[in-house]
Amino acid sequence: MSTITVKVEFGGGLELLFGNKRVHSISLPSFVPADNTIAPSSPQNSETPQLAKSDDPPLPANGPNQDPVKGLEETKEKRLDVQYLMHYLRSRLLTERPELFMDGDTVRPGVLVLINDTDWELEGEGTYEISDGDDIVFISTLHGG
């Protein structure tokens, strides 16, 4: 099983939507579902202390998945990219107001995304394939007042 560890940071107020935690280290599989679906996290009983969501085990890695409709046929996969990471963050780490983070399949207007200190528009936006050790930063440029 091949995994990629990525450092994700939030700023400009976005950290408030993610449990007021600015920096997360996340391990994800190298290959993910092409349709960006996120596997449900395992339920925890009230007796078990809940792990920080960024400490959840990685999602299943590439290989044949059993699709309920297709049976044992292999599910279409792609290399881990920023678009999948955004869906993962929304499903697993976002604690409130998802409309302030994402709009459809991309970030909401007014959210600056940096990939290794470079504007994501220069890196291919959501299609940028994440490498082990990448640093992805989300900064809100919109502030109340």
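Just above sits the structure.
None of these values were measured; they are calculated from a predicted model.

Backbone-to-backbone hydrogen bonds join strands into a sheet, with any given pair of strands oriented parallel or antiparallel. What the five strands build is an open sheet, ordered E2-E1-E9-E7-E8; its pairing is mixed. Each having just a single partner strand, strand E2 (23-29) and strand E8 (118-119) make up the two edges of the open sheet. In terms of strand pairing, strand E1 (residues 3-11) meets E2 through seven bridges, oriented antiparallel. Each bridged residue has a counterpart across the sheet, and for Ile 4 the counterpart in E2 is Leu 28. In the packing of helix H1 (residues 82-93) onto the sheet, contacts are made with E1, E2, strand E7 (111-115) and strand E9 (135-140), and the angle to E2 comes to roughly 115°.

Turning our attention to H1. Because the α-helix completes a turn every 3.6 residues, residues three or four places apart line up on one side. Where burial is concerned, most of H1 is hidden: nine out of the 12 residues are buried. Among all positions of H1, only Val 82, Tyr 84, Leu 85, Met 86, His 87, Tyr 88, Leu 89, Arg 92 and Leu 93 are buried.

With that settled, the discussion passes to the packing of aromatic side chains. Scanning all chains against the criterion turns up five aromatic pairs. With centroids separated by 6.4 Å and ring planes inclined at 75°, the aromatic side chains of Phe 10 and Phe 101 adopt a geometry described as edge-to-face. Taken together, the positions of Phe 10 in strand E1 and Phe 101 in the loop between H1 and strand E5 (102-103) put the pair 91 residues apart, joining distant regions of the chain. Classification of Phe 101 by relative accessible area gives buried; the value is 0%. An angle of 20° between the planes, with centres 5.7 Å apart, marks the rings of Phe 10 and Phe 138 as stacked. Of this pair, Phe 10 sits in strand E1 while Phe 138 sits in strand E9, placing them 128 residues apart in sequence. As far as burial versus exposure is concerned, Phe 10 and Phe 138 are alike and both buried. Taken together through their ring pairs, the aromatic side chains of Phe 10, Phe 18, Phe 101 and Phe 138 make up a single cluster. One cation-aromatic arrangement involves Arg 79 over Phe 31; the distance from NZ or CZ to the ring centre is 5.4 Å.

Analysis parameters
- Each chain carries its own residue numbering, running from 1 in the written order of its sequence.
- This being a predicted model, a pLDDT of at least 70 is required before a residue's local features are given, and a value of 80 or more before pairs of side-chain atoms are given or counted; all residues contribute to the totals for chains, interfaces and linings.
- Hydrogens and water are ignored here; the side-chain numbers use all heavy atoms of the structure.
- Only strands joined by at least two bridges in the DSSP assignment are considered to pair.
- Only DSSP runs of H or I covering at least 4 residues are called helices, and only runs of E covering at least 2 are called strands; the numbering of each starts at the N terminus.
- Contact between two residues is taken to exist if any of their heavy atoms lie within 4.5 Å; hydrogens are not considered.
- Here, axes are lines fitted to C-alpha atoms. For helices the fit covers the stretch in contact, and angles between N-to-C directions go from 0 to 180 degrees.
- Whether a residue is buried, partly exposed or exposed follows from its accessible area with a 1.4 Å probe, protein chains only, as a fraction of its type maximum: under 20%, in between, or over 50%, in that order.
- Classification of ring pairs uses Phe, Tyr and Trp, with its six-membered ring standing for Trp, and accepts pairs whose centres are within 6.5 Å; under 30 degrees between planes counts as stacked, over 60 as edge-to-face, and the remaining range as tilted.
- A ring is scored as having a charge over it whenever the NZ atom of a lysine or the CZ atom of an arginine sits within 6 Å of its centre and within 35 degrees of its normal.

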